[in-house]
Amino acid sequence: MLTSAVRSIANSKFIANQSKKIGEDTAGYAAKFAIASICMKDGLGCYYYVTQSLKNERIPEEKRKFVAALDLSNGILMIATQLLLGATISSKKCQDKIKNKLFGNILKEENIKLAHEKLIKIKKFKGMPLEAFNRTMGGVSKYCTAGLSVITSLVAATVIAKRMIVPFIATPLASWYKEKYMDKNCNQPPRLIGQNCFDVYVARRNIKG
Amino acid sequence: MDSVKVLSSNLNSVNTRRRYVKQPSFGLNATQAASKVLTNLDDVFNKMPSSYEQRREAKKLIKEGLNKTERFFYKLGKSMGEIQTTLINAVGTALVAPIFIAYNPIAKEDKETRVYSAWRQPVSAVLAVLTQVGINVPFTKYLNKRASEGRLGSFFDLSIKHDSNYLLAQAKKEGIKFANKDMADDYIDKIHVEQFRKEVRKKTKAILNDPEKYTRIFKNTLAPSEQRKMEYFGISVAEEAKKITIKQIKQVEKNVKGLKVVLGLGLSLLTLPPTCSLLNWAYPRFMEIIFPEKCKSQKLKGGK
């Protein structure tokens, strides 16, 4: 039952097509998909946070929309910065630069020829055509560059954009929201003990995982 | 090896083609030649150059020659999938985000509130890893198994080259133990070579039973002498079968790799709602246990 369900899903046109594209990694598709995957998860997370905020009875009713708007802006900010930084890093131009710096040795044509010349001197590799060696070498270097492309894009998107840039922008943005819209209208007594509910709520809210 | 060279130039060089094209095929037509080759298939495979083994050995040597950075990225590129994406994201969430939250100089909130909020990140990362990796690891194993059994359809059919992890799991079931990783790799290689040969043989037979295909190959087979035409024809058919097999294996492996990523993402998305609820439940409790004093002053409940 499970296998037939998985088979049907896997062989659907969209899934099969995406699987093929990721597997072949044409033009760094795998890295782009990894960024898209993170953004999708953030998007869905954002949706849950916004709906939770709108339904959260611990927030005074007149403020809920503002808090939800704050969640939404945070989500949008995260997705936008990740897409921007991820796309920049995973672009061909940028990847080529990093690739040549890191894997220059295994990508240079003259080095491949030199390695091939040395290799065919070994008995068991005698007669191995350069083309076959090139293909083998290409297979190894392709995985190296794919790994590089995915990790640099992911680190740029999920560490630098999402965890360094967004908190810096989001925290003052949250305070600005709070000062501009919430504090002026907050006539109800705070429901959380000890502090204004929004001080705590907004501080906690603008830094999401 | 000379015969390999001649054969290779036969297939690639136009000049060579001109030189050999007029050789007669000593009275045999394509159908007769095909049936003769079919009855002497073992001879053909004995005369085949072992390019697959050569490439495999060369790949081993190339991998050994990689420096640490290259090897790290090679391994990463080979294993990259939803699990690795989740782990990288979790590292950012657990280790980087708290620092930037707690020590953000622009933030106006008091330090205690920021530190309290920052702690939510590692909790969230641990839960994300537990749920997303927890569901993706067994699912990947399941996909490897089903694909290796050929039960996911021809597009994802790994029955011609079983997934390495699946082979190791099977070996474990059969009580086969490996002293080290090299021995396990050799075991996997051995099975892959056997499976490859079996598939090439199957495809060679299929070509020799298909008049359209063997006639085309027969016509294009060029030999240095008429006596060697049969030998060259047999090798040409087997080479064609080999090419088709390699192409098929590579394509299916890529498709399965991609499938793991796509379905892995789907699963991770499915785990998000329960993870959010779990975090809402776990975060305040975690803080109350680990930092009771902070909780006293904050009086925060819930959280995301």
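Cut-off values and rules
- Residues numbered from 1 in each chain as written.
- Chains lettered and ligands numbered in written order.
- Predicted model: local features only at pLDDT ≥ 70, side-chain atom pairs only at ≥ 80, totals over all residues.
- Heavy atoms only, no water.
- Contact = heavy atoms within 4.5 Å.
- Salt bridge = Lys/Arg side-chain N within 4 Å of Asp/Glu carboxyl O.
- Helix = DSSP H or I, 4+ residues; strand = E, 2+ residues; numbered from the N terminus.
- Nonpolar A, V, L, I, M, F, W, Y, C, P; charged D, E, K, R; others polar.
- pLDDT = per-residue confidence, 0-100.
- Core = buried A, V, L, I, M, F, W, Y, C linked by side-chain atoms within 4.5 Å.
- Buried < 20%, exposed > 50% of the residue type's maximum accessible area, 1.4 Å probe, protein only.
- Disulfide = S-S within 2.5 Å.

Peer 1: Even after reading the chapter, I still don't get the interface of chain B and chain A, so can you show me in this structure?
Peer 2: By convention, interface size is frequently given as the accessible area that disappears when the constituent parts associate. Taken together, the contact pairs 75 residues of chain B with 79 residues of chain A. The salt bridge partner of B:Glu82 is A:Lys41, with a shortest N-O separation of 2.7 Å. Elements represented by at least two residues in the side of chain B that touches chain A include exactly α5 (51-65), α6 (68-79), α7 (82-102), α8 (111-118), α9 (120-148) and α13 (229-290) of chain B. At 17 residues, the largest contribution of residues to the side of chain B that touches chain A is made by α13(B). Each residue belonging to the side of chain B that touches chain A can be placed in one class, and the counts come to 35 nonpolar, 23 polar and 17 charged.

Peer 1: Please explain the confidence of the model for chain A as it appears in this structure.
Peer 2: Parts of the prediction with low pLDDT should not have their coordinates interpreted in detail. All names here are of chain A. Counting all residues, the mean pLDDT for chain A is 76, and 76% of those residues have values of 70 or more. Mean pLDDT across the secondary structure elements of chain A bottoms out at helix α8 (residues 197-205), with 49, and peaks at helix α1 (residues 2-10), with 90. Here residues 188-198 scores under 50 on pLDDT; set against residues more than four positions off or in separate chains, the count is 28 contacts.

Peer 1: Explanation requested: the nonpolar core in the structure shown.
Peer 2: Nonpolar side chains tend to gather and get buried jointly when the protein is soluble and globular. Counting residues in each nonpolar core, the largest one holds 50 residues, and the members touching the most others are A:Phe133, A:Leu154, B:Leu143 and B:Leu259. The biggest single contributor to this core is helix α7 (residues 130-185) of chain A, with ten residues.

Peer 1: Would you mind going over the state of the cysteines with me for this structure?
Peer 2: Covalent bonding between the sulfur atoms of two cysteines defines a disulfide. As enumerated under the stated definition, the model contains zero disulfides over all chains in all. A:Cys39 provides the cysteine sulfur closest to A:Cys94, a residue in no disulfide bond, and the two sulfurs are 17 Å apart. Judged by relative accessible area, A:Cys94 falls into the partly exposed class, the value being 23%. Note on B:Cys276: no disulfide assigned, nearest cysteine sulfur contributed by A:Cys46 at a separation of 11 Å.

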